[in-house]
Amino acid sequence: MTDTPPDRLSVNPKSPWFDEAALERGVGIRFKGAEKTNVEEYCVSEGWVRLSVGKSVDRHGNPLTMKVNGPVEPYFRDDSGEA
């Protein structure tokens, strides 16, 4: 695996941007310079994150989200890429 996180990543297994290996390694997100822990999906090249809004869910059980634009800085929390 590379040392840089993917350009786009989602935590939803139904999404085409779901990457289980990257999520197991642990991806952290800095958005506008602040650490975010409620990120459901992000895209570095387009400059947005999709944040979960509270504990609310839709009728399918998915969290309600809000798309916010700004600089996105993903990083791996686990620096040891050895498996």
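Before any of the text, the structure's been laid out above.
Residues numbered from 1 in each chain as written. Predicted model: local features only at pLDDT ≥ 70, side-chain atom pairs only at ≥ 80, totals over all residues. Heavy atoms only, no water.

1. Thoughts on the sheet that holds strand β6 (residues 63-69)
Part 1 of the argument: On the basis of which strands lie adjacent, the open sheet formed by four strands has the order β1-β4-β5-β6 and antiparallel pairing. On the outer flanks of this sheet lie β1 (8-10) and β6, each paired with one strand and no other. Strand-to-strand twist of the sheet, defined as the mean angle between neighbouring strand axes without regard to direction, takes the value 20 degrees.
Part 2 of the argument: Pairing analysis gives six bridges linking strand β5 (residues 48-57) to β6, with the strands arranged antiparallel. Of the residues in β6, the one forming a bridge with Arg 50 is Lys 67. (Pairing = 2+ DSSP bridges. Helix = DSSP H or I, 4+ residues; strand = E, 2+ residues; numbered from the N terminus. Axes fitted to C-alpha atoms, helices over the stretch in contact; angles between N-to-C directions.)

2. So, the nonpolar core
Part 1 of the argument: The biggest cluster of nonpolar side chains holds 12 residues, and these are Leu 9, Ala 22, Val 27, Ile 29, Phe 31, Val 39, Tyr 42, Val 49, Leu 51, Val 68, Val 72 and Phe 76.
Part 2 of the argument: Elements with a minimum of two residues in this core: β2 (27-31), β4 (39-43), β5 and β7 (72-76).
Part 3 of the argument: Here the element with the most residues in this core is β2; it accounts for three residues.
Part 4 of the argument: With residues near it in sequence (within four places) discarded, Leu 51 still touches Asn 38, Val 39, Leu 64, Thr 65, Met 66 and Val 68. (Core = buried A, V, L, I, M, F, W, Y, C linked by side-chain atoms within 4.5 Å. Buried < 20%, exposed > 50% of the residue type's maximum accessible area, 1.4 Å probe, protein only. Contact = heavy atoms within 4.5 Å.)

3. Points about the pattern of salt bridges
Oppositely charged side chains can pair when the atoms bearing their charge come close.
Part 1 of the argument: Summed over the entire model, instances satisfying the criterion amount to four salt bridges.
Part 2 of the argument: Ionic pairing is found between Arg 25 and Asp 3, a salt bridge with its closest N-O pair at 3.9 Å. Residue Arg 25 is located in helix α1 (residues 20-25), and its partner Asp 3 is located in the segment before β1; the two are separated by 22 residues in the primary sequence.
Part 3 of the argument: On the accessibility criterion, Arg 25 (12% relative accessible area) is buried.
Part 4 of the argument: We classify Asp 3 as exposed; its relative accessible area is 65%.
Part 5 of the argument: In this structure, the salt-bridge partner of Glu 35 is Arg 77, at a minimum N-O distance of 3.6 Å. Of this pair, Glu 35 sits in strand β3 (residues 34-36) while Arg 77 sits in the segment after β7, and the two are 42 residues apart along the sequence. (Salt bridge = Lys/Arg side-chain N within 4 Å of Asp/Glu carboxyl O.)

4. Considerations on the sheet that holds β7
Across a sheet, strands are paired by hydrogen bonds formed along the backbone, either parallel or antiparallel in direction.
Part 1 of the argument: Pairing is antiparallel across the open sheet formed by three strands, whose spatial order is β3-β2-β7. On the outer flanks of this sheet lie β3 and β7, each paired with one strand and no other. Averaged over neighbouring strand pairs, the angle between their axes works out to 35 degrees when direction is ignored.
Part 2 of the argument: Both β2 and β7 contribute to a ladder of five bridges, which runs antiparallel. Considered in β7, the bridge of Phe 31 is made with Val 72.

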